[in-house]
Amino acid sequence: GRAAEIAEAYAAVIAEIAPHVEWVQLDEPVLALDLPEEWHSAFRSAYALIAPAARSGSTRIMVATYFGPLAENLPLLLELPVHGLHLDAVRAPEETHEAATRLGDDTVLSVGIVNGRNVWRNDLAASLEYLSPIVDRLGDRLWLAPSCSLLHVPIDVEQETAFPPEVKGTLAFADQKLIELSLLKRAIESGADAIGAEIEQSTRGAPAQATTRRAKGGTGGGFDLSALRHKARRDEPYEVRRRVQRQRFSLPAFPTTTIGSFPQTAEIRRARRERRAGKIDRSEYDATIRAEIDRTIAVQEELGLDVLVHGEAERTDMVEYFGRKLDGFAFTQNGWVQSYGTRCVKPPIIHGDVRRPEPITVEWARYAQSRTDRPVKGMLTGPITILQWSFAREDQPRRNTALQIALALRDEVDELERAGIGIIQVDEPALREGLPLRLAGWENYLEWATLAFRLATSGVTNQTQIHTHMCYSRFNDIIEAIARLDADVITIEAARSRMSLLDAFERFRYPNEIGPGVYDIHSPLIPRVDSMVELLERALTRVPADRLWVNPDCGLKTRTWDDVSAALRNMVAAARIVREKHAGGAARRDGGSSRREKITSAV
Ligand code: GLN
Ligand code: ZN
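Note that the coordinates shown come from a computational prediction; the quantities given were computed from them, not determined experimentally.

Q: I'd like to hear about the overall build of the protein, residue by residue, with values.
A: Summing up its helical and strand segments, the protein has 21 helices and 15 strands in all. For 603 residues, the compact-globule estimate of 2.2 N^0.38 gives 25 Å, and the C-alpha radius of gyration of the protein, at 27 Å, lies within 12% of that figure. Counting only C-alpha atoms, the protein reaches 80 × 55 × 50 Å along its principal axes. When each of the 603 residues of the protein is scored for burial, the buried share is 55%. Residue pairs at least 24 apart in sequence account for 78% of intrachain contacts in the protein once pairs closer than 6 positions are excluded. For the protein, the accessible surface area stands at approximately 26100 Å², while carbon and sulfur atoms represent 50% of it.

Q: Quick rundown of the coordination of the zinc ion (ligand 2)? Include the residues and the values.
A: Surrounding the zinc ion (ligand 2) are the protein donor atoms His-469 (NE2), Cys-471 (SG) and Cys-554 (SG), which sit 2.1 to 2.2 Å from the metal. Written as a sequence motif, the donor arrangement for the zinc ion (ligand 2) is H-x1-C-x82-C.

Q: Break down the site of ligand 1 for me, citing the residues and quoting the values.
A: Near ligand 1 lie 13 residues; those nearest to it are Ser-261, Glu-312, Asp-427, His-469 and Gly-555. In the model, a nitrogen atom of ligand 1 is placed 2.6 Å from a nitrogen or oxygen of the Asp-427 side chain. Between ligand 1 and His-469 there is a distance of 3.1 Å, counted from an oxygen atom to a side-chain nitrogen or oxygen. In isolation ligand 1 has 290 Å² of accessible area, and contact with the protein removes 97% of it. Of the residues contributing to the shell around ligand 1, the split by class is 7 nonpolar, 4 polar and 2 charged.

Q: So, the environment of Glu-236: which residues are in play, and what are the values?
A: Looking at where Glu-236 falls in the secondary structure, it is placed in the loop between helix H9 (225–231) and helix H10 (238–249). Take Glu-236: its relative accessible area is 34%, and that puts it in the partly exposed class. For the pair formed by Glu-236 and Thr-461, sequence separation is 225 residues and the distance between their alpha carbons is 8.8 Å.

Q: How would you sum up the pattern of salt bridges? Please name residues and give values.
A: Side chains that differ in sign of charge can pair as their charged atoms come close. On inspection of all chains with the given rule, the structure shows 36 salt bridges. Salt bridges sharing common partners tie together Arg-234, Arg-241, Asp-486 and Asp-488.

Q: An account of a nonpolar patch on the surface is needed here, citing residue identities and associated values.
A: Taken together, Val-13, Ile-17 and Val-21 make up a surface patch of nonpolar side chains, about 210 Å² in accessible area. Turning to its location among the elements, Ile-17 is positioned in helix H1 (residues 2–17). Using a relative accessible area of 35% as the deciding quantity, one classes Ile-17 as partly exposed.

Q: Tell me about helix H11 (residues 266–276), and name the residues and values.
A: Three or four residues apart is the spacing at which side chains of an α-helix point the same way, because the helix has 3.6 residues per turn. For H11, the full list of buried residues reads Ile-268, Ala-271 and Arg-272. Relative to the axis of H11, the buried residues are bounded by an arc of 100° and lie together on one face. Pointing more than 90 degrees away from the buried face of H11 are the exposed residues Ala-266 and Arg-273. Where H11 is buried, its residues contact helix H12 (282–303). A positive backbone phi angle near 75° is found at Gly-278, which sits one or two residues after H11.

Q: So, the nonpolar core: which residues are in play, and what are the values?
A: Judged by nonpolar contacts, the single largest core of 114 residues is most densely connected at Phe-254, Ile-482, Tyr-510, Tyr-519 and Leu-568. Those residues in contact with Leu-568 that sit more than four places away from it in its chain are Thr-258, Phe-262, Leu-303, Leu-305, Tyr-519, Pro-552 and Leu-556. Core analysis: the second largest hydrophobic core is formed by 46 residues, Leu-74, Ala-99, Leu-109 and Ile-134 among them.

Q: Describe the sheet that holds strand E15 (residues 513–516), with residues and values.
A: Read from one edge of the open sheet, 6 strands run E6-E11-E12-E13-E14-E15, paired in parallel fashion. Two strands bound the open sheet, and with one partner strand each, they are strand E6 (308–309) and E15.

Q: So what's going on with the packing of aromatic side chains? Residues and values would help.
A: In the structure shown here, the tally under the stated rule is 9 aromatic pairs. Their ring planes at 5° and their centres at 6.0 Å tell us that Phe-43 and Tyr-47 sit as a pair that is stacked. Within this pair, Phe-43 and its partner Tyr-47 are both found in helix H2 (residues 37–55), separated by 4 residues, close to a single helical turn. Judged by relative accessible area, which is 6%, Phe-43 ranks as buried. On the basis of relative accessible area, Tyr-47 is assigned to the buried category, the value being 2%. With centroids separated by 5.1 Å and ring planes inclined at 80°, the aromatic side chains of Tyr-445 and Trp-448 adopt a geometry described as edge-to-face. Of the two residues, Tyr-445 and Trp-448 both sit in helix H17 (residues 442–457), 3 residues apart, roughly one turn of that helix.

So, how was this worked out
- Residues numbered from 1 in each chain as written.
- Chains lettered and ligands numbered in written order.
- Predicted model: local features only at pLDDT ≥ 70, side-chain atom pairs only at ≥ 80, totals over all residues.
- Heavy atoms only, no water.
- Helix = DSSP H or I, 4+ residues; strand = E, 2+ residues; numbered from the N terminus.
- Rg over C-alpha atoms; globule rule 2.2 N^0.38 Å.
- Buried < 20%, exposed > 50% of the residue type's maximum accessible area, 1.4 Å probe, protein only.
- Contact = heavy atoms within 4.5 Å.
- Areas by Shrake-Rupley, 256 points an atom, 1.4 Å probe, with all protein chains shown as cover.
- Donors = N, O, S within 2.8 Å, 3.2 Å for Na, K, Ca; no water.
- Near = heavy atom within 4 Å.
- Polar contact = N/O pair within 3.5 Å; in protein donor to acceptor, adjacent residues only side chain to side chain.
- Nonpolar A, V, L, I, M, F, W, Y, C, P; charged D, E, K, R; others polar.
- Salt bridge = Lys/Arg side-chain N within 4 Å of Asp/Glu carboxyl O.
- Patch = residues over 30% accessible without salt bridge, like charges linked within 9 Å, V, L, I, M, F, W, Y side chains within 5 Å.
- Arc of directions from axis to C-beta.
- Core = buried A, V, L, I, M, F, W, Y, C linked by side-chain atoms within 4.5 Å.
- Pairing = 2+ DSSP bridges.
- Phe/Tyr/Trp six-rings, centres within 6.5 Å; stacked < 30°, edge-to-face > 60°.

Take a look at the structure:
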């Protein structure tokens, strides 16, 4: 099939470059996934084509894998007719040892000993100890390498001048990781004494993290999970909360809302730059943001949206903004890494216990709510997304870091409620991308990920409505876990796939309220009223009418104000048409279940 075609094309390319290069590396991280059986035979035939092409020019092939153990795929890798294998010794240490004992007689083993997925310094002494049996066995057939490509980490720690020294001393970016590799090589060739000073320094890295933890009186990993689970429940089930919330908000049927951000204008960015450069003071900067909130609220009122947002003008990035206000985070000045395509981000570094020393968003939310009689939705980034989009500490399980972030956010959620914010959205766009590569690990991850979300959001009373938002993915296969978050409302990307999300509802009835996005915010086109009506009609075949919200796929920060106004005007018009048809233009949703039944059976 396709694999054979690709292999043939590769064989041709490799035959052409073979006279000029000694090695060709083929990356096959797919071997770290659960593979259907057919893939094994596809692998064998593909490499049966590729290997002779390489031999013809005496080029050698290195097959590189990383990001996890190969498990049942390891024998397949070991039998491929190639001259070199690369394994991720950070994520699969035992397996790499095992592979070294089962390697073909003239095969090279490239051991990914330095972590390419994180920013911490390598513990050189531990690495040397780990490598020692492989050195004994393979001699110069052992290569040393980063575990994976270095595109996941920033380039050079030395460029950073603003880190606290105790943090900087524990870090290694790409340049430092390469130096670590050459130090390990020197130690293997000339004995550990040759790098004695560096070894001593490198072991200082890990304790430094432990010290921060102790100094801040951290939990150090001991969470009482059953107590947390108990704390992570709303007072009443959704059905009860819904009645209370309907009374409080009296929203129309098919309420309209947005996902949070409104355009980040050149003016806001300039104000932020000038604030950073000290050219304007805090009060001048805050005045700019307040003016932007005024405009955002006024536009939403004029458009006729039902649940408003403050617009997120104050944010650089949805994770960085929160990290800067929390303890335990450090930020690079130049630590850009690729996010997707040509977009880059500067992920924060979580180096210590996460604490919330003071309110984060409360003043902006309170201000926005003071400008309108309609409900303003508070807007927070969720614990899993903050964890996923940061470099996380490795001296405690990721779960514990997620729970710490969740507890910090819980304080923020509770304080927003006390400030009179009745609807609070906690974004978790990265929930799905945190899933382990292998299905076997999903349940455990989803268990602590949902616990973290619920911990963050369950401190509020029944009349506070919790929203969440997800995007960048399809969610059909984890929709049940998403339901376990027990958010009162979820807004979720769906328009881009023309509502294929709803396929999941054939076998699983989503229990709470849901707003499957009705237009793709990545498209520069203004969505048409009729196309959104059509998507809503499609949604109504799966979602009861009194649980359906109307919203875009995601936030609007990358669009212009003109586009956003035109698109939302059409979206509100689409909601009105659907309201007219299915709810008799109802101005209020009374949530009468008899009507819901009538509506859904009519569709
Ligand atoms: N509230 C965020 C926004 O609207 C959500 C962004 C996201 O889902 N990636 O920008
Ligand atoms: Zn989104």
